[in-house]
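# Summary of structural features
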Amino acid sequence: GEYTFNEPALGALKPIFAPSSEPESLQTTALIQTLALLPHVEGGYFSQTDEDPKTIPSPYPLTPLSGETASQAVPPRPGFDAAVRRLSTTIFYLLTYRRPLGRFHRNRSRIIHTLHRGRGRYVLLHPDGRVESFIVGNAVERGERLQWVVEGGVWKASYLLDTEGNMASEGAQEPEGLLISETVVPGFEFADHEFLSERCLEELVPEKAMALGWLARK
Ligand code: GUN
């Protein structure tokens with residue numbers, strides 16, 4: 001469909017809503033409170049809703065994946081044991097008008113995503129430098145996705161789009177947030193998580209780094 005392409009025209013990848021420290025709308029604030037969401041370091045909001053606490057030996061190196069910039073590494077949770085992983089974790093993840101983008105990061109584990117509400121764009125950077133982008137939303141007839149899987153090691157960013165029918169006049173109405181679930185197997189640990197530095201972006205996609213920089217910056 002017109003909204004799904006493997007090599008996007010990078011001009012199509014533009015921020016729609018600017019991050020802001022202004023308060024969220026009453027409706028969004030109510031959703032955040034109802035789901036007990038907290039600000040996520042990637043951008044947006046999240047809450048872990050499930051974990052399978054059974055553990056398996058970690059399939060990963062004992063050393064954490066940490067970014068080029070040590071200041072970007074997030075410390076492990078209390079009680080983290082680098083030798084094991086929980087079987088799975090699941091979170092709600094929400095992008096809002098005020099926190100409208102999740103900046104480029106990767107996880108060692110594959111992540112299964114499911115849409116609940118709203119609309120957004122995902123941008124993936126594969127290890128070979130291929131850029132993939134697609135829209136997640138309810139219009140499956142137009143190629144929007146309800147489920148998407150991001151393999152371990154793939155850089156991922158996402159940003160909020162307006163829902164169809166809310167675009168008549170620009171900025172007329174605050175968009176519904178993008179609410180999804182993400183399940184990580186084995187379970188999420190910051191040791192398996194890494195942000196994309198601008199230097200790394202430059203190395204991975206030299207000709208596209210300019211167009212994608214806004215999704216990498218804090
Ligand atoms: N803690 C901080 N970020 C995350 C995340 O993305 N997933 C889970 N399960 N826990 C987290």
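One can find the structure itself at the top, above this paragraph.
The following paragraphs examine the structure supplied in this document. (Residues numbered from 1 in each chain as written. Predicted model: local features only at pLDDT ≥ 70, side-chain atom pairs only at ≥ 80, totals over all residues. Heavy atoms only, no water.)

### Describing the nonpolar core
Grouped together as the largest cluster of nonpolar side chains are 21 residues, with contacts concentrated most on Phe-104, Val-123, Leu-125, Tyr-159, Leu-201, Leu-212 and Leu-215. Contributions of two or more residues to this core are made by strand E5 (101-107), strand E7 (119-125), strand E8 (131-136), strand E10 (155-161), helix H2 (198-204) and helix H3 (209-212). In terms of residues, this core owes the most to one element, E10, which gives four residues. With sequence-adjacent residues up to four places away left out, Leu-201 is seen in contact with Leu-125, Leu-196, Pro-206, Ala-209, Leu-212, Gly-213 and Ala-216. (Core = buried A, V, L, I, M, F, W, Y, C linked by side-chain atoms within 4.5 Å. Buried < 20%, exposed > 50% of the residue type's maximum accessible area, 1.4 Å probe, protein only. Helix = DSSP H or I, 4+ residues; strand = E, 2+ residues; numbered from the N terminus. Contact = heavy atoms within 4.5 Å.)

### Looking at the site of the ligand
Near the ligand the following residues occur: His-40, Phe-46, Gln-48, Thr-89, Ile-91, Phe-188 and Phe-190. At 2.9 Å from a nitrogen atom of the ligand is found a side-chain nitrogen or oxygen belonging to His-40. Thr-89 has a polar side-chain atom sitting 3.5 Å from a nitrogen atom of the ligand. If the ligand stood free it would expose 270 Å²; the protein chains cover 86% of that surface. Mapped onto the shell around the ligand, the elements with two or more residues apiece are strand E3 (45-57) and strand E4 (84-95). A per-class count over the shell around the ligand returns four nonpolar, three polar and no charged. (Near = heavy atom within 4 Å. Polar contact = N/O pair within 3.5 Å; in protein donor to acceptor, adjacent residues only side chain to side chain. Areas by Shrake-Rupley, 256 points an atom, 1.4 Å probe, with all protein chains shown as cover. Nonpolar A, V, L, I, M, F, W, Y, C, P; charged D, E, K, R; others polar.)

### Comments concerning empty space enclosed by the protein
Counted under the stated rule, the structure contains two cavities of 30 Å³ or more. Volume-wise, the largest cavity comes out at about 50 Å³. As for the largest cavity, its lining consists of His-105, Arg-106, Asn-107, Ser-109, Ile-111, Val-150, Glu-151, Gly-152, Val-154 and Lys-156. At three residues, E5 tops the list of elements feeding residues into the lining of the largest cavity. A per-class count over the lining of the largest cavity returns three nonpolar, four polar and three charged. Estimates place the volume of the second largest cavity at around 40 Å³. What lines the second largest cavity is Glu-42, Tyr-93, Gly-102, His-105, Tyr-122, Lys-156, Ala-157, Ser-158 and Glu-182. (1 Å grid on protein atoms, 1.4 Å probe; cavity = no way out; pocket = protein on both sides within 12 Å on 5 of 7 lines; lining within 4 Å. Points joined across faces, edges and corners; volume = space filled by probe spheres on them.)

### Observations concerning unusual backbone geometry
Residues Val-185 and Pro-186 are joined by a peptide bond in cis, for which omega reads -10 degrees. If you trace the backbone, Pro-186 turns up in the loop between strand E11 (178-185) and strand E12 (193-195). Phi is positive for Ala-36, which is not a glycine, with a value near 55 degrees.

### Quick look at the packing of aromatic side chains
Evaluation of the coordinates by the stated rule reveals five aromatic pairs. Through a chain of ring-to-ring contacts, three or more aromatic side chains come together here, namely Tyr-122, Phe-134 and Trp-148. Sitting above the plane of the Phe-134 ring, Arg-145 keeps its charged end 3.9 Å from the centroid. (Phe/Tyr/Trp six-rings, centres within 6.5 Å; stacked < 30°, edge-to-face > 60°. Lys NZ or Arg CZ within 6 Å of the ring centre and 35° of its normal.)

### Here we look at the environment of Glu-207
Tracing the backbone through its elements, the reader meets Glu-207 in the loop between H2 and H3. Sequence separation between Glu-207 and Gln-27 is 180 residues; the distance between their C-alpha atoms is 41 Å.

### Here's the deal with the sheet that holds E4
With antiparallel pairing, six strands are arranged side by side in an open sheet as E2-E3-E4-E11-E6-E9. Each edge of the sheet is formed by a strand with only one pairing partner; in this case those strands are strand E2 (38-39) and strand E9 (147-150). Relative to E3, E2 is paired through two bridges, and the arrangement is antiparallel. When the sheet's bridge partners are listed, Leu-38 is paired in E3 with Phe-46. (Pairing = 2+ DSSP bridges.)

### Regarding the pairing of E8
For a regular strand, side-chain orientation follows a simple rule: the groups alternate between the two sheet faces. The buried fraction of E8 is high, at six of six residues. Both faces of E8 are covered, namely the face carrying Val-131, Ser-133 and Ile-135 and the face carrying Glu-132, Phe-134 and Val-136. Relative to E8, E7 runs antiparallel, the two sharing six bridges. Among the inter-strand pairings, Arg-121 is bridged to a residue of E8, identified as Ile-135. The loop that links E7 with its antiparallel partner E8 comprises five residues; one of these, Gly-129, has a positive phi angle of about 95 degrees.

### Overview of helix H1 (residues 26-34)
Taken residue by residue, H1 has Thr-28, Leu-31 and Ile-32 as its buried positions. Looking straight down H1, one finds its buried side chains confined to an arc of 100 degrees; they lie on one side. Relative to its buried face, H1 has exposed residues pointing more than 90 degrees away, namely Leu-26, Gln-27, Gln-33 and Thr-34. Looking at the buried residues of H1, the elements they touch are E3, E4 and strand E6 (110-117). Ala-36, located one to two residues past H1, shows a positive phi value of around 55 degrees. (Arc of directions from axis to C-beta.)

Purely geometric stuff here, so don't read any function into it on its own.
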